[in-house]
Amino acid sequence: GNNSAGSINGGSSFHNVTFNAAPGTISASSNGTSFHKVIFNGDGTLNNNGIYDSLIFAAGHTYSLGYNATQTINNALKADGTCSQPIVIQSSYTGYQATISQSTGTVTISYVRLKDMNATGGAVFTANNTTNFGNNTGWTINSPSTQNLYWIGGTGNWNDASHWSTVSGGSAGTCIPTRYDNVIFDAGSFSGNAQTVTINVPAYCKSMDWSGITSSSIQMSGTSDLHISGSLAMKSTMIITGYTGTLYFESTGTG
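Residues numbered from 1 in each chain as written. Predicted model: local features only at pLDDT ≥ 70, side-chain atom pairs only at ≥ 80, totals over all residues. Heavy atoms only, no water.

**Quick look at the sheet that holds strand 19 (residues 164–165)**
(1) Moving on: Taken together, five strands build an open sheet; the order of strands is 19-17-20-23-26 and the sheet is mixed. The open sheet has two free edges, formed respectively by strand 19 and strand 26 (232–233), since each of these has just one partner strand.
(2) Moving on: Note that strand 20 (residues 182–184) and strand 23 (residues 208–209) share two bridges and pair parallel. Across the sheet, the residue bridging to V183 is M208, located in strand 23. (Pairing = 2+ DSSP bridges. Helix = DSSP H or I, 4+ residues; strand = E, 2+ residues; numbered from the N terminus.)

**Section: the state of the cysteines**
(1) Moving on: Considering all chains together, one arrives at one disulfide under this definition.
(2) Moving on: One disulfide bridge connects C83 with C175, the sulfur atoms lying 2.3 Å from each other. With the S-S dihedral at roughly -85 degrees, the linkage between C83 and C175 falls on the left-handed side. With C83 in the loop between strand 8 (70–79) and strand 9 (87–91) and C175 in the loop between strand 19 and strand 20, the pair connects residues that are 92 residues apart, well separated along the chain.
(3) Moving on: Left without a disulfide partner, C205 is nearest to the cysteine sulfur of C175, which lies 15 Å away. (Disulfide = S-S within 2.5 Å.)

**Brief notes about the sheet that holds strand 27 (residues 247–249)**
(1) Moving on: Strand order in the open sheet made by the three strands is 22-25-27, with parallel pairing throughout. Unpaired on one side and paired on the other, strand 22 (203–205) and strand 27 mark the two borders of the sheet. Taking the axes of each pair of neighbouring strands and ignoring which way they run, one obtains an average angle of 15 degrees across the sheet.
(2) Moving on: The pairing of strand 22 with strand 25 (residues 226–228) spans three bridges and is classified as parallel. Note on strand 25: the bridge partner recorded for C205 is I228. (Axes fitted to C-alpha atoms, helices over the stretch in contact; angles between N-to-C directions.)

**Describing the pairing of strand 17 (residues 148–151)**
(1) Moving on: Bridging between strand 17 and strand 20 involves three bridges; their strand directions are parallel. Each residue of the ladder has a partner; that of Y150, found in strand 20, is I184.
(2) Moving on: With two bridges joining them, strand 17 and strand 19 adopt antiparallel strand pairing. Within strand 19, the position partnered with W151 by the bridge is W164.

**As for the packing of aromatic side chains**
To describe a pair of aromatic rings, you give the distance between the ring centres and the angle between the ring planes.
(1) Moving on: Summed over all chains, the structure comprises 16 aromatic pairs.
(2) Moving on: Both rings, one in F40 and one in Y63, keep their centres 5.7 Å apart while their planes meet at 65 degrees; by these two values the pair is edge-to-face. Here Y63 lies in strand 7 (residues 62–65) and F40 lies in strand 4 (residues 34–40), a separation of 23 residues in the sequence. The burial state of F40 is the same as that of Y63; both residues are buried.
(3) Moving on: An aromatic cluster of at least three residues, connected via ring pairs, comprises W151, W158, W164, F185 and W210. (Phe/Tyr/Trp six-rings, centres within 6.5 Å; stacked < 30°, edge-to-face > 60°. Buried < 20%, exposed > 50% of the residue type's maximum accessible area, 1.4 Å probe, protein only.)

**Quick notes on the nonpolar core**
The nonpolar side chains of a soluble globular protein tend to be buried, and buried together.
(1) Moving on: Counting residues in hydrophobic clusters, the biggest one holds 31 residues, and the most contacted among them are F57, I89 and I109.
(2) Moving on: Excluding residues within four positions of it along the chain, I89 makes contact with F57, Y63, L65, A79, I109, V112, R113, L114, K115 and M117.
(3) Moving on: Counting 21 residues, the second largest nonpolar core, distinct from the first, contains W151, W158, A203 and I228. (Core = buried A, V, L, I, M, F, W, Y, C linked by side-chain atoms within 4.5 Å. Contact = heavy atoms within 4.5 Å.)

**A look at the pairing of strand 6 (residues 51–57)**
(1) Moving on: By the bridge criterion, five bridges tie strand 4 to strand 6 in an arrangement that is parallel. Its bridge partner being in strand 6, V38 is matched across the sheet by L55.
(2) Moving on: Taken together, the six bridges between strand 6 and strand 8 define a ladder with parallel strand orientation. Of the residues in strand 8, the one forming a bridge with L55 is L77.

**What about the side chain of D116?**
(1) Moving on: For D116, the location among the structural elements is in the loop between strand 12 (112–115) and strand 13 (117–120).
(2) Moving on: Buried charge D116 goes without a salt bridge, the closest partner of opposite sign being K115 at 4.1 Å.
(3) Moving on: Apart from residues lying up to four places away in sequence, D116 is in contact with S91, Y93, T94, G95, Y96, Q97, A98, G134, N135 and N136. (Lys, Arg positive; Asp, Glu negative; His and termini not counted. Salt bridge = Lys/Arg side-chain N within 4 Å of Asp/Glu carboxyl O.)

**Points about the side chain of S64**
(1) Moving on: With respect to the helices and strands, S64 occurs in strand 7.
(2) Moving on: On the basis of relative accessible area, S64 is assigned to the buried category, the value being 15%.
(3) Moving on: Other than its neighbours up to four places away in sequence, S64 contacts G44, T45, L46, Q90, S91 and S92.

**Looking at unusual backbone geometry**
(1) Moving on: Of note in this structure, D116 is not a glycine but carries a positive phi near 60 degrees.
(2) Moving on: The phi angle at S217 is positive, at roughly 55 degrees, despite the residue not being glycine.
(3) Moving on: With respect to the secondary-structure elements, S217 resides in the loop between strand 23 and strand 24 (219–222).

Right, here's the structure in full:
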């Protein structure tokens, strides 16, 4: 159903399987099960050693692959997110790799947050515009280029692309920040006082600078975590008591 979670627990062979709602699960009891095509339209968990002719992930969703398990692809792995809706592909257990195997050809994914993933089997694995969250092997990972992104449009949610611009006070619709991007809040960010930026999803950036805001009582709110890979500059007129997420400083470079 379109509003029901689904799971596959065992069985030797399926043709086409579509998980319309999240979460979709293929359990460990399905080890060795083969599929012609599996389509996830929401979040998914693959705990098995599965065999797929085609495996398709949806933009904006998270996929957890069983650690120490192998997903074997015969034809195509499709994982194409967008800059505003990246795909998360990660192991089910942090620090322990899950494996994707394809014997020939090329596997190219894009706009993915990749963590604890081993690529093997003989194919060429490339991840474009991808954020490397560590412990990935067998991939050529091409990270997004660093840019300065300016908040615009006053009150809004972090993951709303209409609140980000490459120019102070500029036009909307650029990508949401990655861990490689500097984010800037300044005089062009807010149209009045007491407006709110809500961290509504796990958020990432390089450096974050609020020092240029001219409106007062600007609030940073939300419950999701914020990961900063560079520096943070705030302003005394801000309000942050409404923010209940965790703030992580995660630079991997000296200085």
